[in-house]
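# Examination of the molecular architecture
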There are 2 protein chains.
Amino acid sequence: MTDVKPMRADARRNYERLLAEAKRAFTERGVDASLEDVARSAGVGIGTLYRHFPTREVLLETLLRDRFDTQAGKARELLAAEDPLDGLYTWLVGFGTASGAYRGLTELLADAINDPGSALHASCHAMQEAASQLVDRAKEAGALRADVTTRELLLLLHGASWAGTHLPGERGMERLLTLVFEGLRAS
Amino acid sequence: MTDVKPMRADARRNYERLLAEAKRAFTERGVDASLEDVARSAGVGIGTLYRHFPTREVLLETLLRDRFDTQAGKARELLAAEDPLDGLYTWLVGFGTASGAYRGLTELLADAINDPGSALHASCHAMQEAASQLVDRAKEAGALRADVTTRELLLLLHGASWAGTHLPGERGMERLLTLVFEGLRAS
DNA sequence: TTACTTTACGGAGGTAGCCTCCGGTTTGTC
DNA sequence: GACAAACCGGAGGCTACCTCCGTAAAGTAA
């Protein structure tokens, strides 16, 4: 199916250097980090960066794909957790952490869900699917309010994650998510 | 105390034109709208804009002050509401709406709370004070979880407001806030 | 090795936005 | 009408985005 031609040696080298530097830059400066800086510190021309990664989204998506795949796998595991609500909660914390990896990322992800053209859209959609099953299971067990949709829940998660990054201390997101979550129990 | 000299006629005219155009631009394009565009459409040089409003924050703060003052007044009124929880809720919805006036504003406000150097800091602080009294009243009435701080509540509000703006439809913020809020009742 | 093709590189260059600085103009006043 | 104070405007230096294409390096076959 997808028989990808192996990259030329120099191309592969540059590709990997760019990814490494991009990761550093996004971590330190947030998702708006200068791409020219990334290229510079990778010892590569700006044109090379844009050839490998036509848009900032593509670059981000490449960096995040592994993380997202892991997260999707976790959802499958947690479907077997004894307590459906705990399982869902655990997963949400994991996803919240992932979506807060770089400053400003939460925003991009929230937008990507609504924009099929975004390079991040597929990943987001996959996450939503994964969450959906956990949500349904929690509802069926009567542990979660029945009138909350997965979309709303994920938005609340994003909101908490976003708010957490605007809190000086760390672990803010988890506290906020707990507050929200305890309130969503079925009563 | 503050004896402000009256502005020269041309200065006052430009000042007001700039405010009007800035409001339009922020509404249409969000808080990152180009200031050069604002100056252009106000028929004024970019230097004039920067003289009147040294930073984007100052410009925003000027535009928002009225709204914020109104909101603070509402808090005082709502301290007399019959149901403390309803009063708090009503106020939060109002504040959430105000902080969603321009795309991207929620983010600026959330940061301004932690940055005393920001031109928006004073307004934010005033809001926090106003909220604090409503929160205390609701707690004393035993209607609100006692372990939630005003800061956390405002962050959750900001989170809901933020998430609401990333929802295609309107009125998203209110729905999200309701979900959060119902969960914070004292049980 | 060499000669040749394919793939990839890199940075100049055009666009746009930020912000500062200062020569020149307008306003208010006496 | 003349003068000082207040104010205007945009050129200019900076950074970042993204595209385009002449040049260089890697792979391949003889």
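Note that the coordinates shown come from a computational prediction; the quantities given were computed from them, not determined experimentally. (Residues numbered from 1 in each chain as written. Chains lettered and ligands numbered in written order. Predicted model: local features only at pLDDT ≥ 70, side-chain atom pairs only at ≥ 80, totals over all residues. Heavy atoms only, no water.)

## Some details on the overall build of chain A
Scanning chain A from N- to C-terminus turns up 9 helices and 0 strands. Mapped in sequence order, the helices and strands of chain A form the string α-α-α-α-α-α-α-α-α. With respect to the three principal axes, the spread of C-alpha positions in chain A is 60 × 45 × 25 Å. Relative to its 187 residues, chain A shows a buried fraction of 50%. (Helix = DSSP H or I, 4+ residues; strand = E, 2+ residues; numbered from the N terminus. Buried < 20%, exposed > 50% of the residue type's maximum accessible area, 1.4 Å probe, protein only.)

## A closer look at the interface of chain A and chain B
Every contact between the two is made by 26 residues of chain A and, on the other side, 26 residues of chain B. Buried surface at the junction of chain A and chain B, summed over both partners, amounts to about 2400 Å²; 63% is from carbon and sulfur atoms. The three residues of chain A that bury the most area against chain B are A:Trp162, A:His166 and A:Leu179, which together make up 27% of that side's buried surface. Remark: the boundary between chain A and chain B carries 6 salt bridges. A salt bridge links A:Arg145 to B:Glu182; the nearest nitrogen and oxygen atoms lie 2.7 Å apart. At the surface where chain A touches chain B, the tally comes to 12 residue pairs in polar contact (both at pLDDT 80 or more). At the level of elements, α6 (105-114), α8 (150-165) and α9 (172-184) of chain A are the ones that each hand at least two residues to the side of chain A that touches chain B. Among the residues making up the side of chain A that touches chain B, the classes are represented as 12 nonpolar, 6 polar and 8 charged. (Contact = heavy atoms within 4.5 Å. Buried area = accessible area lost by both parts, 1.4 Å probe. Salt bridge = Lys/Arg side-chain N within 4 Å of Asp/Glu carboxyl O. Polar contact = N/O pair within 3.5 Å; in protein donor to acceptor, adjacent residues only side chain to side chain. Nonpolar A, V, L, I, M, F, W, Y, C, P; charged D, E, K, R; others polar.)

## Observations regarding the relation of the copies chain A and chain B
Its rotation angle being 180 degrees, the transformation that places chain A on chain B also includes 0.0 Å of axial translation and leaves an RMSD of 0.0 Å. Taken together, the rotation and translation describe the operation of a two-fold axis. Closest to the rotation axis within chain A is the C-alpha of A:Gly183, separated from it by 1.6 Å. (Least-squares fit on C-alpha atoms with pLDDT ≥ 70 in both.)

## Some thoughts on the packing of α8(A) against helix α8 (residues 150-165) of chain B
Packing of α8(A) against α8(B) leaves a shortest axis separation of 8 Å and a crossing angle of 125 degrees. By the angle between their directions, the pair α8(A) and α8(B) is classed as oblique. When you trace α8(A) past α8(B), the crossing you get is right-handed. Each of A:Leu155, A:His158, A:Gly159, A:Trp162 and A:Ala163 in α8(A) lies in contact with α8(B), whose residues at this interface are B:Leu155, B:His158, B:Gly159, B:Trp162 and B:Ala163. In the contact of α8(A) with α8(B), the residues fall into 6 nonpolar, 4 polar and no charged. (Axes fitted to C-alpha atoms, helices over the stretch in contact; angles between N-to-C directions. Parallel < 35°, antiparallel > 145°, perpendicular 65-115°, else oblique. Left-handed = near helix turned anticlockwise from the far one by under 90°.)

## Considering the domain arrangement of chain A
Residue and element names in this part refer to chain A. Annotation of chain A at the domain level lists domain 1 (1-54) and domain 2 (56-184). For the pair domain 1 and domain 2, the summed buried area comes to about 1200 Å², and 72% of that belongs to carbon and sulfur atoms. For domain 1, the biggest contributors to the area lost against domain 2 are Phe-26, Val-31 and Phe-53; these three give 46% of the whole. Connecting domain 1 to domain 2 are 0 salt bridges. Broken down by class, the residue content of the side of domain 1 that touches domain 2 amounts to 9 nonpolar, 2 polar and 4 charged. (Domains from an automatic or database assignment.)

## Observations regarding the protein's contact with DNA strand C
Taken together, 23 residues lie around DNA strand C, and A:Arg8, A:Asn14, A:Arg51, B:Tyr50 and B:Arg56 are the ones closest in. In this structure, a phosphate oxygen belonging to DNA strand C sits 3.2 Å away from a main-chain N or O atom of A:Gly45. The backbone of B:Leu35 places a nitrogen or oxygen atom 3.1 Å from a phosphate oxygen of DNA strand C. Looking at the surface near DNA strand C, the elements with two or more residues in it are α1 (9-29) and α3 (46-52) of chain A together with α1 (9-29), α2 (35-41) and α3 (46-52) of chain B. Looking at which element gives the most residues to the surface near DNA strand C, the answer is α3(A), with 5 residues. By residue class, the composition of the surface near DNA strand C is 8 nonpolar, 6 polar and 9 charged. (Near = heavy atom within 4 Å.)

## Digging into the protein's contact with DNA strand D
Neighbouring DNA strand D are 23 residues, the closest being A:Tyr50, A:Arg56, B:Arg8, B:Asn14 and B:Arg51. Atoms of DNA strand D within 4 Å of the protein: sugar and phosphate make up 62%, bases the balance. The backbone of A:Leu35 places a nitrogen or oxygen atom 3.1 Å from a phosphate oxygen of DNA strand D. At a separation of 2.5 Å, a phosphate oxygen of DNA strand D approaches a polar side-chain atom of A:Arg56.

## Topic: the pattern of salt bridges
Scanning all chains against the criterion turns up 20 salt bridges over all chains. For A:Arg24, the salt bridge identified is with A:Glu21, shortest N-O distance 3.1 Å. Of this pair, A:Arg24 and A:Glu21 both sit in helix α1, separated by 3 residues, roughly a single helical turn. Classification of A:Arg24 by relative accessible area gives partly exposed; the value is 43%. Residue classification places A:Glu21 among the buried positions, given a relative accessible area of 17%. B:Arg12 is the salt-bridge partner of B:Glu16, the closest N and O atoms lying 3.1 Å from each other.

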